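If you want the building blocks of each chain, they are given just below.
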Amino acid sequence: MTGAMLSVQGIRKRYGGVVALRDVSLDFPTGTLTAIVGDNGAGKSTLLKIISGAEQPDAGSVILRGEPRRFRSPEDARAAGIETVYQDLALADNLDAAQNLFMGREMTLGWGAFTFLRSRRMRRNTADIIRRLNIKIPSVRIPVEHFSGGQRQGVAIARAMNWGHEVIIMDEPTAALGIAETARVEDLIGTLRERRLTIVVVSHNLDQVFRLADRIAVMRRGQLIELLEADRTDAQQLVSLITGLAGSREA
């Protein structure tokens with residue numbers, strides 16, 4: 001661990017009378033995978049939305065490369081090098097893999113009324129990215145609605161990998177996938193780790209958490225309860241912390 005690429009400090013978020021996050025502070029060291037776990041309503045997804053610019057905190061800071069940042073939209077976060085793979089994947093079903101990979105960042109040629117999409121180059125670049133990441137899809141020209149769940153997940157991760165220069169966030173990356181497709185996605189996450197990206201994963205799959213994570217952040221009722229080294233804890237301890245059966249740092 002070589003220092004924090006990303007940090008959150010004193011994050012608070014309230015929705016009406018519901019407190020979603022209470023003074024959450026957490027570092028995400030460069031080149032590590034941090035898993036965030038907790039029961040439903042623990043605040044995991046809200047924290048991811050704030051980091052990715054989809055929500056604004058009521059108080060606190062998101063710090064990237066030591067600099068406090070205010071992401072007012074997901075576009076702001078993406079421009080800073082933070083990419084998010086959402087649970088619903090945010091793919092356009094009627095578009096092919098290349099169109100999804102470059103959606104909002106299309107390659108063009110020309111200027112003004114004489115601007116043309118460089119479709120062939122986008123498809124060629126997409127095929128190169130897919131091949132480097134060892135993602136198996138039928139074709140970069142086929143609409144992703146015809147892909148399996150694991151293939152769609154692969155396209156979403158490839159998009160994040162292509163544009164996420166600093167941090168990649170994943171919300172339940174293998175939810176609803178079968179055993180074989182889950183294994184392929186986990187292999188792909190392992191490829192991202194080899195590239196020394198800072199990865200944040202929310203997962204309810206504790207077996208997966210132990211397979212992938214360096215560190216495990218446990219949240220409950222909007223608070224960070226514990227930060228654990230994955231190789232120094234076990235499932236029983238983790239479940240006890242998630243459910244509140246173990247002692248915690250709560251005041």
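Residues numbered from 1 in each chain as written. Predicted model: local features only at pLDDT ≥ 70, side-chain atom pairs only at ≥ 80, totals over all residues. Heavy atoms only, no water.

### Details of the overall build of the protein chain
Piece 1. For the protein chain, the count of helices and strands is eight helices and twelve strands.
Piece 2. A compact globule built from 251 residues should have a C-alpha radius of gyration of about 18 Å, and the protein chain, at 19 Å, falls within 12% of that.
Piece 3. A principal-axis box enclosing the C-alpha atoms of the protein chain has dimensions of 60 × 40 × 35 Å.
Piece 4. Expressed as a percentage of the 251 residues in the protein chain, the buried residues total 49%.
Piece 5. Considering only contacts within the protein chain whose residues lie at least 6 apart along the sequence, 64% involve residues at least 24 apart.
Piece 6. Accessible area for the protein chain stands at about 12,300 Å²; split by element, carbon and sulfur atoms hold 48% of it.
Piece 7. When the 33 basic and 29 acidic side-chain charges of the protein chain are each reduced to a single mean position, those positions are 5 Å apart. (Helix = DSSP H or I, 4+ residues; strand = E, 2+ residues; numbered from the N terminus. Rg over C-alpha atoms; globule rule 2.2 N^0.38 Å. Buried < 20%, exposed > 50% of the residue type's maximum accessible area, 1.4 Å probe, protein only. Contact = heavy atoms within 4.5 Å. Areas by Shrake-Rupley, 256 points an atom, 1.4 Å probe, with all protein chains shown as cover. Lys, Arg positive; Asp, Glu negative; His and termini not counted. Charge placed at Lys NZ, Arg CZ, Asp CG, Glu CD.)

### Focus: unusual backbone geometry
Piece 1. Residues other than glycine seldom take positive phi values, yet D23 does so here, at roughly 50°.
Piece 2. By the secondary structure assignment, D23 is in strand 2 (residues 18-29).

### Considering the nonpolar core
Piece 1. V37, I137, M170, I216, V218 and L238 are the most contacted members of the largest nonpolar core, which totals 47 residues.
Piece 2. Setting aside chain neighbours within four positions, we find M170 in contact with L48, V85, I157, I189, L192, V200, V201 and V202.
Piece 3. By size, the runner-up hydrophobic cluster in this structure holds 27 residues, among which are V8, A80, I82 and L224. (Core = buried A, V, L, I, M, F, W, Y, C linked by side-chain atoms within 4.5 Å.)

### Quick notes on the environment of I142
Piece 1. Take I142: it is sitting in the loop between helix 4 (119-132) and helix 5 (149-163).
Piece 2. Ignoring anything within four residues of it in the chain, the contact list for I142 reads L95, D96, A97 and F147.

### Quick notes on the sheet that holds strand 9 (residues 167-171)
Piece 1. If you trace the six strands from one edge of the open sheet to the other, you get 6-9-10-3-11-12, paired in mixed fashion. Unpaired on one side and paired on the other, strand 6 (82-85) and strand 12 (223-229) mark the two borders of the sheet. Between one strand axis and the next, the sheet turns through 20° on average, direction left out of account.
Piece 2. Pairing between strand 9 and strand 10 (residues 198-202): five bridges, direction parallel. By the bridge assignment, V167 is partnered in strand 10 with T198.
Piece 3. Against the sheet, helix 8 (residues 235-243) touches strand 3 (33-37), strand 11 (215-220) and strand 12, its axis set at about 30° to strand 11. (Pairing = 2+ DSSP bridges. Axes fitted to C-alpha atoms, helices over the stretch in contact; angles between N-to-C directions.)

### Points about a positive patch on the surface
Piece 1. Among the surface-exposed residues, R118, R120, R121, R124 and R141 lie close enough to one another that they form a single positively charged patch.
Piece 2. Its location among the elements puts R141 in the loop between helix 4 and helix 5. (Patch = residues over 30% accessible without salt bridge, like charges linked within 9 Å, V, L, I, M, F, W, Y side chains within 5 Å. Salt bridge = Lys/Arg side-chain N within 4 Å of Asp/Glu carboxyl O.)

### So, the side chain of T32
Piece 1. Locating T32 in the fold gives a position in the loop between strand 2 and strand 3.
Piece 2. Among the polar contacts listed, one links the side chain of T32 to the backbone oxygen of P29, at a separation of 2.7 Å. (Polar contact = N/O pair within 3.5 Å; in protein donor to acceptor, adjacent residues only side chain to side chain.)

### Notes on the environment of R193
Piece 1. Inspection of the secondary structure assignment puts R193 in helix 6 (residues 179-194).
Piece 2. Note on R193: relative accessible area 26%, which makes it partly exposed.
Piece 3. Note: C-alpha distance between R193 and D207 (14 residues apart in sequence) is 18 Å.

### Some points on helix 5
Piece 1. Here helix 5 spans 22 Å end to end across 15 residues, near enough to the 21 Å set by a 1.5 Å rise per residue.
Piece 2. Most of helix 5 sits out of view: eleven of its 15 residues are buried.
Piece 3. Residues G150, R152, Q153, G154, V155, A156, I157, A158, R159, A160 and M161 constitute the buried set of helix 5.
Piece 4. Buried residues in helix 5 make contact with strand 6, helix 3 (97-101), helix 4, strand 9 and helix 6. (Expected span 1.5 Å × (residues − 1).)

### Description of the environment of G178
Piece 1. Looking at where G178 falls in the secondary structure, it is placed in the loop between strand 9 and helix 6.
Piece 2. Judged by its relative accessible area of 39%, G178 is partly exposed.
Piece 3. It is 24 Å that separates the C-alpha atoms of G178 and D214, two residues lying 36 residues apart in sequence.

### Looking at the packing of aromatic side chains
Piece 1. Tallying each qualifying case throughout the model produces one aromatic pair.
Piece 2. An angle of 90° between the planes, with centres 5.8 Å apart, marks the rings of F102 and W163 as edge-to-face. Taken together, the positions of F102 in the loop between helix 3 and strand 7 (108-109) and W163 in helix 5 put the pair 61 residues apart, joining distant regions of the chain.
Piece 3. Overall, F102 belongs to the buried group, its relative accessible area being 2%. (Phe/Tyr/Trp six-rings, centres within 6.5 Å; stacked < 30°, edge-to-face > 60°.)

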